[in-house]
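Residues per chain are reported as follows:
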Amino acid sequence: MAQHILVLHGPNLNLLGSREPGIYGRQTLADINARLQQVAAESHAQCTAFQSNHEGALVDRIQAAAQDGTDFIIINAAAYTHTSVALADALSAVDIPYIEVHLSNVYKREAFRHHSYLSSKAQGVVAGLGSFGYEAALRFALAP
């Protein structure tokens, strides 16, 4: 069971709740993070969230995870999922297990969203479950 979980949110996820609610739902990023912290606390674990619109900041945070006791990463890289070799390389370099999360079902959307640079080394991929996808990934990380 992971005790220190890092949740990474990529670009534009700071706009959740107002950004295309028909696709991404009405919950805000703060709502999602609060729920994840509540679920983690129930298992006496720590859940830290980080959001950035900047690829380099996400890479820096992944690299820092190798030094700060992070046991597991949950990542919604958003658009960087489909473009960022840098994020894939950072996740490989730190060798911390991770789950890739998408709020929408990327396979029901544009063809360019069907490819992920992150999936091949992920423990799993959760897509199309809305904000519950984060919770499902967290519960997996917390499982004994």
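The notes below deal with the structure included here.

Calculation notes
Residues numbered from 1 in each chain as written. Predicted model: local features only at pLDDT ≥ 70, side-chain atom pairs only at ≥ 80, totals over all residues. Heavy atoms only, no water. Helix = DSSP H or I, 4+ residues; strand = E, 2+ residues; numbered from the N terminus. Rg over C-alpha atoms; globule rule 2.2 N^0.38 Å. Buried < 20%, exposed > 50% of the residue type's maximum accessible area, 1.4 Å probe, protein only. Contact = heavy atoms within 4.5 Å. Pairing = 2+ DSSP bridges. Axes fitted to C-alpha atoms, helices over the stretch in contact; angles between N-to-C directions.

## Concerning the overall build of the protein chain
Secondary structure assignment for the protein chain yields five helices and five strands. Walking the protein chain from its N terminus toward its C terminus, one meets helices and strands in the order β-α-α-β-α-β-α-β-β-α. Against the compact-globule benchmark of 15 Å for 144 residues, the protein chain has a radius of gyration of 14 Å, which places it among compact chains. Each principal axis of the C-alpha distribution contributes one length, and for the protein chain these read about 35 × 30 × 25 Å. With 144 residues in all, the protein chain has 45% of them scored as buried. Partitioning the contacts of the protein chain with sequence separation of at least 6, the portion at a separation of at least 24 is 78%.

## Re the sheet that holds strand 1 (residues 4–9)
With parallel pairing, the five strands of this open sheet are ordered in space as 2-1-3-4-5. Edge positions in the sheet fall to strand 2 (46–51) and strand 5 (124–127), since each of these pairs with one other strand and no more. Ignoring strand direction, the axes of neighbouring strands in this sheet form an average angle of 20 degrees. Contacts from helix 3 (residues 55–65) reach strand 1, strand 2 and strand 3 (72–76), with the element oriented near 170 degrees to strand 1. Along the sheet, helix 5 (residues 132–142) contacts strand 1, strand 3, strand 4 (98–102) and strand 5; its crossing angle with strand 3, the most-contacted strand, is approximately 165 degrees.

## Topic: unusual backbone geometry
Phi angles above zero are rare outside glycine, and H44 is one such case at about 60 degrees. Tracing the backbone through its elements, the reader meets H44 in the loop between helix 2 (29–42) and strand 2. Residue classification places H44 among the exposed residues on the basis of a relative accessible area of 70%. The phi torsion at D95 lies on the positive side, around 55 degrees, for a residue other than glycine.

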